[in-house]
Amino acid sequence: MPENALTEATYYILLALVQPRHGYGIMQETERLSKGRVHLAAGTLYGALNALCARGWIMPQGSEQEGRRKIYCLSDKGEEVLYGELRRLKELVENGEAVLEGNNDHE
Amino acid sequence: MNETRTEYRWFFVWDFEKEEEWLNEMAEAGWVLSSVGFCRYTFERCEPGEYTVRLQMLNRDNDYIRFIEDIGGEYIGRMAQWVYFRRRTELGAFELFSDIDSRITHLETIARVLFWIGIGNLLIGIGNSLNRIPFAFINLIAACLLMYGLGRIHGKIDDLKSERRLHE
C-alpha cells in the first residue's frame, strides 16, 4: 500500500502513541525520543490529533469525562502506517549511506 | 494587591506577529497580559520572563481551549476571533505552531475571515452608495483595507508554500 511520507510531527505522534498518552504526554515523549530536537507546538499537535482520529490511525481511549484529559492510542491501521513509514525511512538511510559513504560498488 | 496597568494599542490583523512580540516584550519586562478588549490590553505584575504569551485566530472551539489548558496553558480571553493564551516559561517553550502546514492552515483561517468581512463591507458600501445613504464610503474604505490585509496574509502564505517545497 503506497503511502506518502509522513510529516515529522505525524511520525512522532504515532510513535509516542504506541503507549496510550494524553496530549502533554505526547509532547514530552516526542522531546525525549528526539533528545529535545523536535518540539510539537500545541496547535500543531491538536490539529494533527484531530486529523489522525478522522483517518482512524489513532483513537481516543476510554469514556470521555468532563474535565478529564483525553487519552489517545494507536489503532491497528495506525500501527500498519507506522511500520510502512519505518521501512521507507530505512530505505532513505540505506540509500544515503550507500551513496555518501562510497560503498555503492557496481561491478 | 495585584498591580495592573492598561495599554491601548491598535494592530492591523496582518501584524498579529508584531502584536504577539509586543505582548512578550511586556512579559519580559514584568507585565503579563491578564485581559483583552477592543484595542485594550490589561497587564498584571509578574516576574520578568515568567510567562510566554501566544495569540491565534480561532473559530468557536472550546475543545481547543481545554487542550491548551491540559498542557499547562492559561486562557486569557478572546477579542472577536482572536484568543490569547499564556503559559509559565518554566514549563518549557510555548508555541502554537511548529510546522509549516499548521502555520499555513492558521493563515488560511485568517484569510477566510478577512475575505468574508471584506465582501460584506463591499456589498453594504455599494448598496448604501446606490441608496445615497451618507457615509457609505466608510464601508468601501473598510473593504479596501480588508482586501489589502488579505493580500498581506496571502503573501505570507505564498512565502510558506515556497518554503514547504524544500522543508516541512
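The structure under discussion appears in the preceding block.
Participant: Kindly report on the overall build of chain B, identifying the contributing residues and their values.
Facilitator: When helices and strands are counted, chain B shows four helices and six strands. Listed by position from the N terminus, the elements making up chain B come as β-α-β-β-β-α-β-β-α-α. Along the first, second and third principal axes, the C-alpha set of chain B runs to 60 × 50 × 30 Å. In chain B, which comprises 168 residues, the share counted as buried stands at 43%.

Participant: Explain a nonpolar patch on the surface to me, and be specific about the residues and the numbers.
Facilitator: Where nonpolar side chains cluster on the molecular surface, the patch consists of Trp-10, Phe-12, Phe-38, Leu-145 and Tyr-148 of chain B and spans about 570 Å² of accessible area. Considering the arrangement of structural elements, one finds Tyr-148 of chain B in helix H4 (residues 136-164).

Participant: Can you break down the sheet that holds strand E3 (residues 71-74) of chain A residue by residue, with the values?
Facilitator: Residue and element names in this part refer to chain A. A sheet is described by the order of its strands in space; here three strands give the open sequence E1-E3-E2, paired in antiparallel fashion. Unpaired on one side and paired on the other, strand E1 (21-22) and strand E2 (58-61) mark the two borders of the sheet. As paired strands, E2 and E3 are joined by four bridges and run antiparallel to one another. In the strand pairing of E3, Ile-58 is matched with Leu-74. Set on the sheet, helix H3 (residues 42-55) makes contact with E2 and E3; between it and E2 the angle comes to about 100°.

Participant: Tell me about the pattern of salt bridges, and name the residues and values.
Facilitator: All names here are of chain B. Under the definition given, this model contains 16 salt bridges over all chains. Two residues, Asp-101 and Arg-164, come together in a salt bridge whose shortest N-O distance is 2.5 Å. Of the two residues, Asp-101 is situated in helix H3 (residues 100-130) and Arg-164 in helix H4; the sequence distance between them amounts to 63 residues. When its relative accessible area of 34% is taken as the criterion, Arg-164 is described as partly exposed.

Participant: Go over the interface of chain A and chain B, please, and point to the residues and values.
Facilitator: Interface extent is often summarised as the accessible area lost during association of the parts. Of the residues lining the interface, 22 residues belong to chain A; the matching set on chain B comes to 19 residues. Taken over both partners, the interface formed by chain A and chain B buries close to 1,600 Å², and the fraction arising from carbon and sulfur atoms is 53%. Connecting chain A to chain B are one salt bridge. Between Asp-63 of chain B and Lys-70 of chain A there is a salt bridge, with its nearest N and O atoms 3.9 Å apart. Here chain A is connected to chain B by 10 residue pairs in polar contact (both at pLDDT 80 or more). In terms of residue class, the side of chain A that touches chain B is built from 10 nonpolar, seven polar and five charged.

Participant: Explain the environment of Tyr-75 of chain B to me, using residue names and the numbers behind them.
Facilitator: Residues and elements named next belong to chain B. Along the chain, Tyr-75 falls in strand E5 (residues 74-79). For Tyr-75 and Arg-87, which are 12 residues apart along the polypeptide, the C-alpha to C-alpha distance reads 8.9 Å. Every residue in contact with Tyr-75, bar those within four places of it in the chain, is listed here: Ile-65, Glu-69, Val-83, Tyr-84 and Phe-85.

Participant: Would you mind going over a negative patch on the surface in detail, with residue names and values included?
Facilitator: Residue and element names in this part refer to chain A. On the surface, a cluster of negative charge is contributed by Glu-91, Glu-94, Glu-97 and Glu-101. Structurally, the position occupied by Glu-91 is in helix H4 (residues 76-100). With relative accessibility at 47%, the residue Glu-91 sits in the partly exposed group.

Rules behind the numbers
Residues numbered from 1 in each chain as written. Chains lettered and ligands numbered in written order. Predicted model: local features only at pLDDT ≥ 70, side-chain atom pairs only at ≥ 80, totals over all residues. Heavy atoms only, no water. Helix = DSSP H or I, 4+ residues; strand = E, 2+ residues; numbered from the N terminus. Buried < 20%, exposed > 50% of the residue type's maximum accessible area, 1.4 Å probe, protein only. Patch = residues over 30% accessible without salt bridge, like charges linked within 9 Å, V, L, I, M, F, W, Y side chains within 5 Å. Areas by Shrake-Rupley, 256 points an atom, 1.4 Å probe, with all protein chains shown as cover. Salt bridge = Lys/Arg side-chain N within 4 Å of Asp/Glu carboxyl O. Pairing = 2+ DSSP bridges. Contact = heavy atoms within 4.5 Å. Axes fitted to C-alpha atoms, helices over the stretch in contact; angles between N-to-C directions. Buried area = accessible area lost by both parts, 1.4 Å probe. Polar contact = N/O pair within 3.5 Å; in protein donor to acceptor, adjacent residues only side chain to side chain. Nonpolar A, V, L, I, M, F, W, Y, C, P; charged D, E, K, R; others polar. Lys, Arg positive; Asp, Glu negative; His and termini not counted. Charge placed at Lys NZ, Arg CZ, Asp CG, Glu CD.

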